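# Topology and contacts: notes
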Amino acid sequence: MSALNAARKYFSNAIIIAELELRKIRHDQTQIWVRMVQPALWLAIYGLTMSKLSGISSFIPKNLTYLQFMTPGVLAQSALFVAIFFGINVVWERDLGLLNKLLSTPASRSSIILGKALSAGVRGIFQAIAVIILALILQVHLIMNPLGIIGVFVIIILVSMCFSCMSMAIASLVKTRERMMGIGQVMTMPLFFASSAIYPISIMPSWIKPIAVINPLTYVVDGMRDLLATGNLHSLPLDFLVIVAATILFLILASLGLKKMVS
Amino acid sequence: MEDKAIVVQNLVKQYPRVKAVDNVSFNVDKGEIFGLLGPNGAGKTTTIRILLTLIAPTSGETLIYNLNTAKNSEDVRRMCGYVPQDVSADGDLTAYENVLISAKLYSMPPKERKTRIHDVLNFLELTERANDMVNTFSGGMMRRLEIAQAMVNRPRVLFLDEPSIGLDPNARRIIWGLIKKLRDDFGTTIFMTTHDMGEADVLCDRIGIMNRGHLATLGQPGELKAGVGGDIITLNSSNPNFSQKIKELGYSSISNSPDGHCDLIVNNGETLIPHLLDSLKMSGIQVESVSLKKPTLDDVFLKYTGARIEEGDSFAETRRARRAFTRRTQ
């Protein structure tokens, strides 16, 4: 009973922290709009241009068009690119003293991290909606099954949580905003390129393939591609398992790191 | 020990390069305003953070209302409120939202929440600005909001880390009034740190003076000042027999410069001055100027630590204090 109570308190604290972040977004919505620009460019410019290359469709599995293949990749990318810099917020809050105050409340460290990760997830949803709408405008044929879309949103929330926790864990080691900015830059591209976001793993240089296999983003893209493009859900349970496991791992690391951050 | 709000015993915090807190012990009574006084880097904030379970002590024990802070960290945090030294109200939210989030994090029942938030905003005279964004607030208002956030839960112990740092004199006086009122109206035990002697003198029932991790002395402000040894009367005269006559009258001068300047340590300086001047006049010595200095906590600090309180700030701390100041006054 008390374990149940503790769990309830843990999650309700996390939701309060997420509420705090979301209230901030409500007061200043510009960031939401600005962040829609980058994925839109990937899809509308990069995607459309690449579709014109005559040979490209022969590498794309299961008779998908390139835009069908790529849309889930852009969804993953939009979540990744925002989440990977999330640690900067935490460093900023540490510098401001907000973090100290948050830590002096009864909320546990990991519920604070979980709450922040959840808010990153909700931010990711806004972008995902924008990407899907844009894809529909570009007449990309996506499977618009309500359950499938819910599944995509769940994956978006998880991937945002996963990489924002990774970012917060790193933030606790580097401790300055400038370094965090640099590390974010260094990490995004390898994570992005060593995944099946914009090309299939089969045509990657062979030395990258092992990295793609352990890259959580690969599973994120795969899961969303199953739900939105191929409709073949065989590997979906594995995708979810990997994403959830990675999220929990980084949640734990970030929670441990938070302690170090203020001492 | 049962009736103490805070018990600190042999507390040590060792960092890789410096012992931030070095074997410190003291108690704080319930309903007391207790001040830790010392320059930046003396170990005050570290002590607060250990009490609030934000960092773990290297050794020693701390109790808040008989709960061991290391073992019952969540329960300890639940009955404490904390106003950190840095600006900690969230500028991207309204005042009401700031207090609302605090109330929720302390799991206040939703039924009570609304009235409590209104009460606390009213108490701190922020009702009119409740729905304004905090980044439009002045430093003093932000401080009041931060106190509102800490008070909404009605904590038994309120920790204030440098409550008036970076505030203008007027805002400072308002904050002082509120701190006293909190204790008087709610019986809240208040544990504060400051490096401002005046603030400690005005507010605190008892003061502990910290320097370089040690607790140098502890007592009521009056006691500590009396311990310095009395008032200082400074006299100036160009009469060559001046210092000689002072000695004949039975006073000992602590500094005796040839240009006719005498510092005397006495009790009740203000009643003594007329007699002293009369005696000197009768001996034919014209006194040109006289001044009386009552001991301040600054003198207390000087006596127990051998340094003025302005000294000893490291570069990083000075920069931090300046930054906090700029942020509050923007």
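All values derive from a computational prediction rather than experimental measurement. Within every chain, residues take consecutive numbers counted from 1 along the sequence as written. All chains are assigned letters beginning at A, and all ligands numbers beginning at 1, according to the order in which they are written. In keeping with the model being predicted, local features are shown solely for residues with a pLDDT of at least 70 and side-chain atom pairs are shown and tallied solely at 80 or more, while totals for entire chains, interfaces and linings include all residues.

## Some remarks on the overall build of chain B
Heads up, the rule is: By the criteria applied, helices consist of DSSP H or I runs no shorter than four residues and strands consist of E runs no shorter than two, each listed in order from the N terminus. Every C-beta atom is placed from the backbone, and the number of other C-beta atoms within 10 Å of a residue's own sets its class: buried at 20 or more, exposed at 12 or fewer, partly exposed in between.
Tallying secondary structure elements over chain B gives twelve helices and 14 strands in all. The burial tally for chain B puts 43% of its 330 residues in the buried class.

## Some words on the interface of chain A and chain B
Short version of the rule: Contact between two residues is assigned when their C-beta atoms, built from the backbone, lie within 7 Å. Gly is placed with the polar residues, together with every amino acid not listed as nonpolar (Ala, Val, Leu, Ile, Met, Phe, Trp, Tyr, Cys and Pro) or charged (Asp, Glu, Lys and Arg).
Chain A puts 19 residues into the contact, and the matching count from chain B is 20 residues. At the level of elements, α1 (2-27) and α6 (98-103) of chain A are the ones that each hand at least two residues to the side of chain A that touches chain B. Among the elements that line the side of chain A that touches chain B, the one with the most residues is α1 of chain A, at six residues. Split into classes, the residues belonging to the side of chain A that touches chain B amount to eight nonpolar, seven polar and four charged.

## Things to note about the sheet that holds strand β6 (residues 80-83) of chain B
Residue and element names in this part refer to chain B. To keep it simple, the criterion reads: At least two DSSP bridges between two strands are required for those strands to pair. In this analysis, axes come from line fits to C-alpha atoms, helices being fitted only over the stretch in contact, and the angle between any two N-to-C directions falls in the range 0 to 180 degrees.
A sheet is described by the order of its strands in space; here six strands give the open sequence β6-β7-β8-β3-β9-β10, paired in mixed fashion. Two strands lie at the open edges of the sheet, namely β6 and β10 (214-219), each paired on one side alone. Within the sheet, the average angular offset between the axes of one strand and its neighbour, ignoring direction, is 15 degrees. One ladder, built from five bridges, connects strand β9 (residues 206-211) with β10; its direction is antiparallel.

## Side note on the sheet that holds strand β1 (residues 4-14) of chain B
Residue and element names in this part refer to chain B. On the basis of which strands lie adjacent, the open sheet formed by four strands has the order β2-β1-β4-β5 and antiparallel pairing. Two strands bound the open sheet, and with one partner strand each, they are β2 (19-29) and β5 (67-68). Sheet topology places β1 next to β2; seven bridges connect them, and they run antiparallel. When the bridges of β2 are listed, Q14 appears paired with K19. Packed on one face of the sheet, helix α1 (residues 44-51) meets β1, β2 and β4 (59-64) and runs near 115 degrees to β1.

## Looking at α1 of chain A
Using the following cut-off: How far a helix is expected to stretch is found by multiplying one less than its residue total by 1.5 Å.
Look at α1 of chain A: 37 Å from first C-alpha to last across 26 residues, which is about the 38 Å you get at 1.5 Å a residue. Within α1 of chain A the residues assigned to the buried category are N13, A14, I16, I17 and L20 of chain A.

## Quick look at the environment of H214 of chain B
Among the secondary structure elements, H214 of chain B is positioned in strand β10. For H214 of chain B, a count of 18 C-beta atoms within 10 Å translates into the label partly exposed.

## Digging into the pairing of strand β14 (residues 289-293) of chain B
Residues and elements named next belong to chain B. Taken across its five residues, β14 has zero buried, putting it largely on the surface. Bridging between strand β11 (residues 231-236) and β14 involves five bridges; their strand directions are antiparallel. Pairing of L235 across the sheet is with V290, part of β14.

## A short note on the domain arrangement of chain B
One frequent convention defines the size of an interface as the accessible area lost when the parts assemble. Stated precisely, the cut-off is as follows: Residue ranges assigned to each domain were obtained from an automatic or database domain assignment.
The domain architecture assigned to chain B consists of domain 1 (4-226) and domain 2 (230-294). Placing a centre on the C-alpha atoms of domain 1 of chain B and another on those of domain 2 of chain B gives a separation of 45 Å.

## Quick look at the nonpolar core
Which entries qualify depends on this criterion: Here, a nonpolar core means buried Ala, Val, Leu, Ile, Met, Phe, Trp, Tyr and Cys residues linked by C-beta atoms lying within 7 Å of one another.
Among the nonpolar cores identified, the biggest contains 150 residues, and V159 and C165 of chain A together with F159 of chain B are the most heavily contacted of them. Here the element with the most residues in this core is helix α8 (residues 146-174) of chain A; it accounts for 15 residues. Setting aside its immediate chain neighbours within four residues, C165 of chain A contacts I113, A117, T247, F250, L251 and A254 of chain A. Counting residues in hydrophobic clusters, the runner-up holds eight residues, among them L235, I246, L280 and I285 of chain B.

## Observations concerning the environment of D184 of chain B
For D184 of chain B, the position within the fold is in helix α6 (residues 169-186). Once the C-alpha coordinates of D184 of chain B and E32 of chain B are considered, the two residues, 152 residues apart in sequence, prove to be 9.8 Å apart.

## Observations concerning the confidence of the model for chain A
Short version of the rule: For every residue, the pLDDT score states the predictor's confidence, bounded by 0 at the bottom and 100 at the top.
Scored by pLDDT, chain A comes out at a mean of 89, with 99% of its residues at no less than 70. The secondary-structure element of chain A with the lowest mean pLDDT is helix α2 (residues 30-34) of chain A, recorded at 85, while α8 of chain A shows the highest, at 93.

## Quick notes on the confidence of the model for chain B
The predicted model of chain B has a mean per-residue pLDDT of 84, with 90% of residues at 70 or higher. Two summary scores accompany this predicted model of the complex, namely pTM at 0.82 and ipTM at 0.85.

## Focus: helix α4 (residues 110-123) of chain B
Residues and elements named next belong to chain B. Over its 14 residues, α4 runs 20 Å from end to end, which matches the ideal 20 Å to within 8%, given 1.5 Å per residue. Among all positions of α4, only I117, V120 and L121 are buried. Buried positions along α4 lie against α3 (95-105) and α5 (139-151). Looking one or two residues beyond α4, the residue adopting positive phi is E125, at roughly 55 degrees.

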